[in-house]
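Observations on the model geometry
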Amino acid sequence: MGCFFSKRRKAKKESRPENEEEPPKQYSWDRREKVDPKDYMFSGLKDETVGRLPGKVAGQQFLIQDCENCNIYIFDHSATITIDDCTNCIIFLGPVKSSVFFRNCRDCKCTLACQQFRVRDCRKLEVFLCCATQPIIESSTNIKFGCFQWYYPELAFQFKDAGLSIFNNTWSNIHDFTPVSGELNWSLLPEDAVVQDYVPVPTTEELKAVRVSTEANRSIVPISRGQRQKNSDESCLVILFAGDYTIANARKLIDEMVGKGFFLVQTKEVSMKAEDAQRVFREKAPDFLPLLNKGPVIALEFNGDGAVEECQLIVNETFNGTKMFVSESKETASGDVDNFYNFADIQMGI
C-alpha cells in the first residue's frame, strides 16, 4: 500500500487514432534558421559598391570571388574570408576570427583585421592590416603594408566576438615564403599614408548608415610604427595589468605620449606566468606577481629621446594609484623591451 501523500490522479492519455502517425520530434538544431550561402558571398560583380551591415554576417564564413572594379565592405565579424580572382577592388573586412586568404588578385586596396593573413599568386596589393600572427606572402609581388586604421561604433564588440585583441598586431612582420634574391616582394606603405586615400568611406545610402571614421586618433587599433626604423636609441616599456580600466588607461597613455611627439612602436596583450615575470621584471617581480592572476597584461613600447622620463612622469601624474611597470632608466629600457617581446612572441608562436 502506497503512502497517502504520494497518490496522484493520473491524467487520461489522449487517445490517438490508430492510423495517425506520431509527429517527429523537434530538436533545437531543427529550429535554427537555414543559412543561404548566397548571403555570404560576392561573386562575379563589376563596377558595384556592395557590403554587409553589422549583424548580417555574424561569424559565418564569407567568399569574395571574380569581382572587378568593386568597392566591398564587410562591416561585421566573420569566421574566415577567402578572396579569389579579384581585380582593382577596394575591400574592407571587419574582424575575422581565423584566416583571410587572397589568391590570384591584383591592384586591390584593403583594410582588414584577422588572426591569420595569407597572400598567394597576387600582385600590387596595398593592405592596412591588423593581424595577430605573422602575415605570409607566397609567389606574390609588390605587396605593401600599413597599420590598420578604422573606426565605427560596433567595431570594438566585433573584435571581441572574433576573439581578437586590438593590441596584438604584427602588421609589419612579414614572412615571404618565396623570396627572390636581390628583390623585395613586399614593402611598407609611406608612414604618412592616409587610409581614406586607399580605402574611402562608402557613399551608398545603405552603407552610409555605418558611422565610419578613418581619423588616426579614433582608430580602434592603436597605430604603431611596427618594424620601421626607430627615430631614437631610447625606448620605454610600459606594462598595464588587467583591471576594469586597463584598455582605457592604455589608450590614454598612448594619446598622451604620441601627443608629446613620441612614437608607439608596438603593442601586445598576453598572459604572463611567474617565470615570465622573473625574466621581465627581475628584482621587481614579487611586486607584480599577484597582479598576473587577474588576466592578460597589455604592453606598450614607446620610442624617442626622453621617452623613459616622460613615461614615468605621465604615469605618476595621470595614473597615480594604478600599478604599472615602467622602465626605470634609458640604460635598462632596451633590455626590458627585448625581454618582454621575446617572451611574448614565443608564447604566441610568432
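Calculation notes
- Residues numbered from 1 in each chain as written.
- Predicted model: local features only at pLDDT ≥ 70, side-chain atom pairs only at ≥ 80, totals over all residues.
- Heavy atoms only, no water.
- UniProt positions renumbered as here; feature names shortened; annotations may be inferred.
- Pairing = 2+ DSSP bridges.
- Helix = DSSP H or I, 4+ residues; strand = E, 2+ residues; numbered from the N terminus.
- Axes fitted to C-alpha atoms, helices over the stretch in contact; angles between N-to-C directions.
- Contact = heavy atoms within 4.5 Å.
- Expected span 1.5 Å × (residues − 1).
- Buried < 20%, exposed > 50% of the residue type's maximum accessible area, 1.4 Å probe, protein only.
- Arc of directions from axis to C-beta.
- Phe/Tyr/Trp six-rings, centres within 6.5 Å; stacked < 30°, edge-to-face > 60°.
- Lys NZ or Arg CZ within 6 Å of the ring centre and 35° of its normal.
- 1 Å grid on protein atoms, 1.4 Å probe; cavity = no way out; pocket = protein on both sides within 12 Å on 5 of 7 lines; lining within 4 Å.
- Points joined across faces, edges and corners; volume = space filled by probe spheres on them.
- Core = buried A, V, L, I, M, F, W, Y, C linked by side-chain atoms within 4.5 Å.
- Polar contact = N/O pair within 3.5 Å; in protein donor to acceptor, adjacent residues only side chain to side chain.

Labelled according to an unreviewed UniProt entry, the protein appears under the name Protein XRP2, originating from Microcebus murinus. According to its UniProt record, the protein has this under Subcellular location (unreviewed entry): "Cell membrane". For the record of the protein, the UniProt heading Subunit (unreviewed entry) holds the text "Found in a complex with ARL3, RP2 and UNC119 (or UNC119B); RP2 induces hydrolysis of GTP ARL3 in the complex, leading to the release of UNC119 (or UNC119B). Interacts with ARL3; interaction is direct and stimulated with the activated GTP-bound form of ARL3."

**Digging into the sheet that holds strand β15 (residues 297-303)**
Read across the open sheet, the 4 strands follow the order β14-β15-β13-β16; overall the sheet is antiparallel. Each edge of the open sheet carries a strand with a single partner, namely β14 (263-270) and β16 (324-326). Ignoring strand direction, the axes of neighbouring strands in this sheet form an average angle of 15°. Of the strand pairs in this sheet, strand β13 (residues 235-240) and β15 are connected by 6 bridges, and their pairing is antiparallel. The residue bridging S235 from the neighbouring strand is N303, located in β15. Sitting on the sheet, helix α3 (residues 246-259) touches β13, β14, β15 and β16, and the angle it makes with β15 is about 0°. Here helix α6 (residues 307-318) sits on the sheet in contact with β13, β15 and β16, set at roughly 30° to β13.

**Comments concerning α6**
Compared with an ideal rise of 1.5 Å per residue, which puts 12 residues at 16 Å, α6 spans 16 Å between its outermost C-alpha atoms and is within 8% of the ideal. When α6 is considered as a whole, its buried residues turn out to be A307, V308, E310, C311, I314 and V315. In a view along the axis of α6, the buried residues occupy a sector of 165°, so they form one face of it. Of the exposed residues in α6, those oriented more than 90 degrees away from the buried face are E309, N316 and E317.

**Remarks on the packing of aromatic side chains**
Summed over all chains, the structure comprises 17 aromatic pairs. Plain terms: the ring middles of F42 and F62 are 5.3 Å apart, the flat faces sit at 55° to each other, and that makes the pair tilted. Of the two residues, F42 is situated in strand β1 (residues 41-43) and F62 in strand β3 (residues 62-65); the sequence distance between them amounts to 20 residues. Overall, the relative accessible area of 3% leaves F62 in the buried class. With 5.9 Å between their ring centres and 55° between their planes, F102 and F117 make a pair best called tilted. Of this pair, F102 sits in strand β6 (residues 90-103) while F117 sits in strand β7 (residues 106-120); the two residues are 15 residues apart in sequence, bridging distant segments of the chain. Residues F102 and F117 agree in their burial class; the two are buried. Grouping aromatic residues by their ring pairs yields a cluster made of Y73, F75, F92, F148, W150, Y152 and F159. The ring of F101 carries the charged tip of R103 above its face, separated from the ring centre by 5.2 Å. A cation over a ring is seen here: K323 above F288, with NZ or CZ 5.8 Å from the ring centre.

**Here's the deal with the layout of surface pockets**
Empty space among the atoms can be located by rolling a probe the size of a water molecule over them. By volume, the largest pocket amounts to about 630 Å³. For the lining of the largest pocket, the leading source of residues is α3, giving 5 residues.

**Some remarks on the nonpolar core**
Ranked by internal contacts, the top residues of the largest apolar core, which has 48 residues, are F75, W150, F159, V238, L253, L300 and F302. Top element by residues in this core is α6. It accounts for 5 residues. Residues within four places of F75 in sequence aside, it is in contact with R52, L53, P54, F92, W150, Y152, Q158, P202, L207, V210 and V212.

**A word on the environment of K230**
If you trace the backbone, K230 turns up in the loop between α2 (195-198) and β13. Residues in contact with K230, not counting those within four places in the same chain, are R225, S235, V265, E301 and N303. Side chain to side chain, K230 and E301 meet in a polar contact 2.6 Å long.

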